[in-house]
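Letter by letter, the chains look like this.
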Amino acid sequence: METTLRAVVFREGDWWIIQILEYDLATQVRRLEEVPGDLRRLIVGQIAANAECGVEPFHGFSKAPQKYWKMYERSRTIVAGRIEARLAA
C-alpha cells in the first residue's frame, strides 16, 4: 500500500497533538522536536499491529473529523515527504 499521509500538529495544554487525517489516529508529545520521530513510530506501530492481526494497514479507521482537515489547510508544513505534517499554531 503506497500512500502519502497528512497530519496536523497543534498545541493542547502542555502537549503537542499529532492527528493523522486519512485515518482518525493520533498521538501526543511534550516537545515539538519529537513530532517527526513519534509520527513515524505511530504509523509503523499501527501497520505492524494490523499485520499481526492479518488485516490491511489501518483497517477499520475512518478519516479524521473535518475540524482537523480545516486546521491542516490553515497550517504551515513542518515535515515533508511521504508523511506531511503541518503545524497549526
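All of these numbers come straight from a predicted model, not from anything done at the bench.

A.B. asks: Before we go on, may I ask you to explain the nonpolar core in this structure?
C.D. replies: Generally speaking, soluble globular proteins have nonpolar side chains that are buried together. Among the nonpolar cores identified, the biggest contains 17 residues, and Val9, Ile18, Ile20, Leu39 and Ile43 are the most heavily contacted of them. Looking at this core, the elements with two or more residues in it are strand S1 (5-12), strand S2 (15-20), strand S3 (25-29), helix H1 (35-53) and strand S5 (83-88). Listed in part, the nine residues of the second largest apolar core include Val8, Ile17, Ala64 and Trp69.

A.B. asks: Looking at this structure, I do not really get the pairing of S2. What am I missing?
C.D. replies: Within a regular beta strand, the side chains point alternately toward one face of the sheet and then the other, so they alternate between its two faces. With five of its six residues buried, S2 lies for the most part within the structure. Across six bridges, S1 lies against S2 in antiparallel orientation. Pairing of Phe10 across the sheet is with Ile17, part of S2. Following S1, the chain reverses through two residues before pairing antiparallel with S2; Gly13 in that reversal takes a positive phi of roughly 65 degrees. Here S2 runs beside S3; their pairing, made up of five bridges, is antiparallel. Following the sheet pairing, Gln19 is matched in S3 by Ala26. Here S2 hands over to S3 after four residues, the two strands then running antiparallel side by side.

Cut-offs and rules
- Residues numbered from 1 in each chain as written.
- Predicted model: local features only at pLDDT ≥ 70, side-chain atom pairs only at ≥ 80, totals over all residues.
- Heavy atoms only, no water.
- Core = buried A, V, L, I, M, F, W, Y, C linked by side-chain atoms within 4.5 Å.
- Buried < 20%, exposed > 50% of the residue type's maximum accessible area, 1.4 Å probe, protein only.
- Helix = DSSP H or I, 4+ residues; strand = E, 2+ residues; numbered from the N terminus.
- Pairing = 2+ DSSP bridges.

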